[in-house]
Every structure is written in structure tokens, then in C-alpha cells.
Amino acid sequence: MIKNIRAGFTFLLSTVALGAMAQSTATTSSPYSQFGLGDLNTGLLPQTRAMGGIATAINRINGYNTINIQNPASYSYINLTTIDIGVLSKFSTLKQGSTTGQTNGNFRLSHFNFAAPVTKRSALSFGLVPYSELGYNYRQTSKGFGTGSAVDTNTVNYIYSGDGGLSKAYAGYGFGIGRHISFGGNVSYIFGNLRKFRSTELPNLYGNLNSRSERSNSVGGVNFDYGTQVNFDFGDRDKHLVFAYSGSAASTINSKVTNVVSQYTADTEGNETSALDTLSNQVLNNGKIKLPLMHHFGVSFQKDGKFLIGADYSIGNWSKLTVPGSTDVLQNSQSFNVGGQFTPNSNALHSYFALVDYRLGFRYDKTYINVANTNINQYAATFGLGLPLAPNGGTFYKINIAADYGQRGTLQNSLIKENFFTIHVGFTLNDVWFRKYKFD
């Protein structure tokens, strides 16, 4: 037993280190990520992503312990040590007007979650998940030294780009009162760096020095999540109706904004040289980011070993977000999620495919972005599989695969439409750790 515990802790520490390294690289390549804090990430596991992102009223799924950080009250149903680690890959195509679409692809580690029971009706959890991602690169060209004159052939290229993201390290506790009610909370540390660049280039003017402004926002601070679930059992207690609520408290985190202005040259093929001179390097603002209040409402109905269906509704008060150094004006967000899963026969002995969880869902998001008086909405169809592996004694394994195909934005008002396809793969382990054995 001691050997297993040591091996487990070694595995945990190694995975956390890998996760921290992976969070520095964003998997998004969208111009819409330049607004606010970037593309927001819910931190959901593939199990719930495949079902349209329903999570608020989810605890155990088909008998497997699930670490559902969106509602920490769900931790109270964890009765085995649980590890969940995963990767994701995202492919997107951007299109504006009649131009040919630009395709991008990215890959990285997506999450690491750990949970262990404390008592029969309580458990602890901690982990590392992405909070937001920033990644874009586009240019605008103007003739006549930027005046728009068609007579002067000296064009000016304005190049806009950004990278970085925020991560969320959390620790939480959930507990049950009686058989039906659970409560829980997470304390999280949100940290990372968001960098935005603006370059001005004169490609047709020999010997010209190009300029670039880099604005960096270093972020770090504490946030709180909380939730409750009310569970009603029916029949032989194999049917469960769950009503749930969870939220994220409005909080203030630290922000340090710096701005660096430099000059550089480029060769005839457009390759940049190193910076020739730094014109300015200053701290613009040591301020605060005010994160908004978030609400999630959910309902689910599950028959053990057979099916699960559910729906979520979420709202975020993002119009109250303030980011030092940013002039973005955001709007309140809304999300609708529906989905479920079906398992043909969880006790089948001779058909593996009867043991598989088949998942399907749909989600719609009114994002916090409004450009040119146009709401930037997002919707996606989701699907996935839960693939059980042969158990080893009291240890249970499952590979969870989730995919979503959807669209964000529009071609109206000269805006950009983004089609995306994302694959999430997670590995779930349920095992017995830290148990004291008694011998007569």
C-alpha cells in the first residue's frame, strides 16, 4: 500500500509540472480572443463536454466517480480516489467576406484533476485547468502612408497579434447532509500573462525602421466557486433526479500592465531582424481586474447503468469586467446546454460495445463579445464515447473522448466567421488509496 501511495504522489507531482508547462501555450487562433480576458474555458472534463457541456447537476456518471469542478458539491459523491488527466486538439477555419478560409490547428495537455474521499459523504479535490486563452494574428493594409490614397504606392501594414492565457489552480471540498443535499466550494488561484502586439511596417520603403508596441498584462489572484445539489432517488434508488446551482463569486485579482515600444527591420522576404532599439519600457498600471458574478443552474435525470439526460443554463455579468489598460466594452453572457448519454448494457459479458457510453449534446453561447453592434454568438453539436477498460481488482479505468463541431461569429458587417472542431481525450482512474487495513 505504501508503495502505491508513493507511486501515486510521484505521478501527481509529475503531471502537475507538465500541466503548468502546457498552460503557457494557447490552443486558440481566433481574432475574437483579443477581447476581454480571451477565450474562456469552463474546465469541464470530456465526460460532460460530450453531453453538450451539462455539468451543474452532474455527480457520478454511470457508477464512475467524476471530478466536476463546475459544481464542487458533486465532490460529496466521490467514494474512490480519482485521477483525471487529458489532452485536446483544436482545428479552426476563419473566413471573412469572400476570402479563402485560413485553417489553424493546435494541441496541448488540457487538464489535471485529483480527488479523494475524506468521509463517506465528503471529499477533497485539487487540480489545474485553463481559465482563458489568447491567440490571434491578422493584418490590415492601407495605401498612401496610411492615408488611403490610391495615388501613393507606399503602403502601411498594421499587424495585430496576441498570445498567452490564464490558468486556474484550485482546491475544493464537498460534503453531503443526509442522503439528499450536498454543498461544496473551491478556492482558486488564477494566474498567467496576456500579451498583445501592434506592429507598423512600411514594406516598400527601403531602410525604414518598423515599430512594435507590446502590451503585457501579468495576472494573479484568488477566486471562489460554490455550489449545491439536491438529489431525489426513485424506484430501487437506481433512478436519480438532481436539481443544482453553482456560482463563481465576483472577485478582484491583481494586474500589472507593462508596455514596450521597439524598432526593428525586415529583409526583402519579410523576415524580421532582432529589435534595434527600445524606445519605451514602462509599467503603465498596477491595478485590479474585477471578475464578474457567474450563475449556473442545472437539472439531470439518471438511471444507473442505462442513461442520463440533463440541461444547464448559465449567465455571467461580464459587462462589469474591468481590465487595466483595456478599452473593451463587454456584454453579459448566456449559455444553454442540453445533452445526455446512453449505455446499452453496463453488465454485458460478451459485447464490449454494449458497455460503452454513447454521448450527444448541443450548446449555445451568447458570448461577452459585441463587435460593430453585432453579438458574437457561438453554437456547437457535441458527441463522444466513454470506453471502459478491464478493471484490476478494485481499480477502474475509462477513456473518455469528446468532440464538438461548431461556429462562432458571422460574415455580416465585415466580421469573421469561425468554424471549429475540437477533440478532447481524457483518462479516468478510480482506485482505493489511503485505506487502513485491520488484521486480527
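Placed above this text is the structure.
These notes cover the structure that comes with them. From a predicted model like this one, the values you see are computed outputs, not experimental measurements.

## Looking at the overall build of the protein chain
Here comes step 1: Within the protein chain, the secondary structure is distributed over two helices and 17 strands.
Here comes step 2: Across the 440 residues of the protein chain, 50% fall into the buried class.
Here comes step 3: In the protein chain, the share of contacts with a sequence separation of at least 24, taken over all contacts with a separation of at least 6, comes to 67%.
Here comes step 4: Entry remark: accessible area of the protein chain is about 21,100 Å², with carbon and sulfur atoms responsible for 59%.

## Side note on the pattern of salt bridges
Here comes step 1: Scanning all chains against the criterion turns up 14 salt bridges.
Here comes step 2: As a salt-bridge pair, Arg-195 and Asp-163 come within 3.0 Å of each other at their nearest N and O atoms. Taken together, the residues span a long stretch of sequence, with Arg-195 in strand S6 (residues 181–201) and Asp-163 in strand S5 (residues 156–177) at a distance of 32 residues.
Here comes step 3: Its relative accessible area of 28% is what places Arg-195 among the partly exposed residues.
Here comes step 4: The closest approach of N and O atoms between Glu-418 and Arg-408, which form a salt bridge, is 3.0 Å. One end of the pair, Glu-418, is in strand S17 (residues 416–431); the other, Arg-408, is in strand S16 (residues 395–409), with ten residues separating them in the sequence. Taken as a pair, Glu-418 and Arg-408 share a single burial class, namely buried.

## A closer look at a nonpolar patch on the surface
Here comes step 1: Side chains of Val-118, Leu-124, Tyr-173, Phe-175, Ile-177, Ile-181 and Phe-183 sit close together on the surface and give an oily, nonpolar patch of about 580 Å² of accessible area.
Here comes step 2: At three residues, S5 tops the list of elements feeding residues into the nonpolar patch.

## A short note on unusual backbone geometry
Here comes step 1: Positive phi outside glycine occurs at Arg-237, with the angle close to 60°.
Here comes step 2: Within the fold, Arg-237 resides in the loop between strand S7 (210–234) and strand S8 (239–248).
Here comes step 3: Accessibility expressed as a relative area gives 51% for Arg-237, which makes it exposed.
Here comes step 4: Despite not being glycine, Asn-413 shows a phi value in the positive range, around 55°.
Here comes step 5: Mapped onto the fold, Asn-413 is located in the loop between S16 and S17.
Here comes step 6: For Asn-413, a relative accessible area of 49% corresponds to the partly exposed category.

## Re the pairing of S5
Here comes step 1: In the sheet, strand S4 (residues 122–142) pairs with S5 via 20 bridges, with the strands oriented antiparallel. When the bridges of S5 are listed, Tyr-136 appears paired with Gly-162.
Here comes step 2: When S5 meets S6, the two strands line up antiparallel, connected through 21 bridges. Its bridge partner being in S6, Ile-177 is matched across the sheet by Ile-181.
Here comes step 3: Here S5 folds back onto S6, and the loop between the two strands holds three residues, one of which, Gly-178, carries a positive phi near 70°.

## So, the nonpolar core
Here comes step 1: Counting 29 residues, the largest nonpolar core has Leu-37, Ile-289, Leu-291 and Leu-321 as the members making the most contacts within it.
Here comes step 2: For this core, the secondary-structure elements that each account for two or more residues are S4, S5, S6, strand S10 (277–291) and strand S14 (357–371).
Here comes step 3: At four residues, the largest contribution of residues to this core is made by S5.
Here comes step 4: Apart from residues lying up to four places away in sequence, Leu-321 is in contact with Gly-36, Leu-37, Ile-289, Lys-290, Leu-291, Pro-292 and Leu-330.

## Observations concerning the packing of aromatic side chains
To describe a pair of aromatic rings, one takes the distance between the centres and the angle between the planes.
Here comes step 1: The full count for this structure, using the stated rule, is 15 aromatic pairs.
Here comes step 2: Aromatic side chains Phe-301 and Phe-307 sit 5.9 Å apart centroid to centroid with 40° between the ring planes, which places their arrangement in the tilted category.
Here comes step 3: What makes Phe-301 partly exposed here is its relative accessible area of 26%.
Here comes step 4: Residue class for Phe-307 comes out partly exposed when judged on its relative accessible area of 28%.
Here comes step 5: By the ring-pair criterion, three or more aromatic residues cluster together here, those being Tyr-136, Tyr-138 and Tyr-160.
Here comes step 6: We note Arg-121 situated over the ring of Tyr-77; from NZ or CZ to the ring centre the distance is 5.2 Å.

Each value, and the rule that gives it
Residues numbered from 1 in each chain as written. Predicted model: local features only at pLDDT ≥ 70, side-chain atom pairs only at ≥ 80, totals over all residues. Heavy atoms only, no water. Helix = DSSP H or I, 4+ residues; strand = E, 2+ residues; numbered from the N terminus. Buried < 20%, exposed > 50% of the residue type's maximum accessible area, 1.4 Å probe, protein only. Contact = heavy atoms within 4.5 Å. Areas by Shrake-Rupley, 256 points an atom, 1.4 Å probe, with all protein chains shown as cover. Salt bridge = Lys/Arg side-chain N within 4 Å of Asp/Glu carboxyl O. Patch = residues over 30% accessible without salt bridge, like charges linked within 9 Å, V, L, I, M, F, W, Y side chains within 5 Å. Pairing = 2+ DSSP bridges. Core = buried A, V, L, I, M, F, W, Y, C linked by side-chain atoms within 4.5 Å. Phe/Tyr/Trp six-rings, centres within 6.5 Å; stacked < 30°, edge-to-face > 60°. Lys NZ or Arg CZ within 6 Å of the ring centre and 35° of its normal.

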